[in-house]
Amino acid sequence: MVEVSITMIQLQITEQQTNMKNNSNIVSSPKETCPLCGSEQVTRKIHGYDMEYGSGEEIAKIWVKIPLYNCPQCKIEYKNWEAEEIEHNALCKHFGVLNPDEIKQIREKYQMKRNAFAQLTGIGEASLSRWEKSLNIQNIANDRYLRLLRNPEIFKELQSIVHVLELSDLDSDENIIPFRHIQQRRDLGSTHTKFELRKAI
Ligand SMILES: [Zn+2]
């Protein structure tokens, strides 16, 4: 039910954004009440602005349009979760990573609860929760991992690997196999320390 109402609100925002050339048209608000006085006389306008991200020379400006609410009684202007969701999605788009809904869709595609998905993928449940709730953005490595998981074949393969690891008796020699490449890396590492850099003539 909650998801349906979110979608409806988003559709309304999109409609308003499309219809309006002016960024400050005032429209009546759907069901919004003032968080301070509870008044229903709240108005809503779509506000376009350059959202700044980062600091110093690294600063990025991302153009976003968000709903702003105004309570005539308290004389305050405020934004709610809708705006924060729009801003967060704009950031995800800017960084070229999946947005919270897209991440959630991957998990739901396999009909998994968050803890089961976390256990299978090795992604921390708390991290997954933060990404899905727009509280944090996944790094590039995790983003690419998630994108791969959208492929059912890859997902199936992961399930088979995790299944094997869960069932394996770690004391048995056979079960060293999955870690063999780590062993090889260690060998390479020790060989590598034998090299030294020389000045080219
Ligand atoms: Zn108020």
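Because the structure is a prediction, the values reported are computed rather than measured.

S.K.: Before we move on, can you summarise the overall build of the protein with the specific residues and values?
M.R.: Looking only at helices and strands, one finds 8 helices and 4 strands in the protein. Walking the protein from its N terminus toward its C terminus, one meets helices and strands in the order α-β-β-β-β-α-α-α-α-α-α-α. In the protein, buried positions account for 9% of the 201 residues. In the protein, 44% of the contacts between residues at least 6 apart in sequence involve partners at least 24 apart.

S.K.: Let's hear about the pairing of strand β3 (residues 60–71): which residues, and what values?
M.R.: Taken residue by residue, a regular strand's side chains alternate between the two faces of the sheet. Across 11 bridges, strand β2 (residues 43–53) lies against β3 in antiparallel orientation. Bridged to Y53 within β3 is A60. Between β2 and the antiparallel strand that follows it, β3, lie 6 residues; G54 among them carries a positive phi value of about 90 degrees. Relative to strand β4 (residues 76–78), β3 is paired through 3 bridges, and the arrangement is antiparallel. Its bridge partner lying in β4, N70 is registered against E77. Where β3 hands over to β4, the hairpin turn is made up of 4 residues, of which K75 adopts a positive phi near 55 degrees.

S.K.: Give me the lowdown on unusual backbone geometry, citing residues and values where you can.
M.R.: The backbone phi angle of K75 is positive, close to 55 degrees, even though this residue is not glycine. Here K75 is to be found in the loop between β3 and β4. Accessibility expressed as a C-beta count within 10 Å gives 7 for K75, which makes it exposed. The phi dihedral of Q111 falls on the positive side, at around 50 degrees, and the residue is not glycine. Relative to the assigned elements, Q111 resides in the loop between α3 (100–109) and α4 (114–121). What makes Q111 exposed here is the crowd of 8 C-beta atoms within 10 Å.

Procedures and definitions
Residues numbered from 1 in each chain as written. Predicted model: local features only at pLDDT ≥ 70, side-chain atom pairs only at ≥ 80, totals over all residues. Helix = DSSP H or I, 4+ residues; strand = E, 2+ residues; numbered from the N terminus. Buried ≥ 20, exposed ≤ 12 C-beta atoms within 10 Å, placed from the backbone. Contact = placed C-beta atoms within 7 Å. Pairing = 2+ DSSP bridges.

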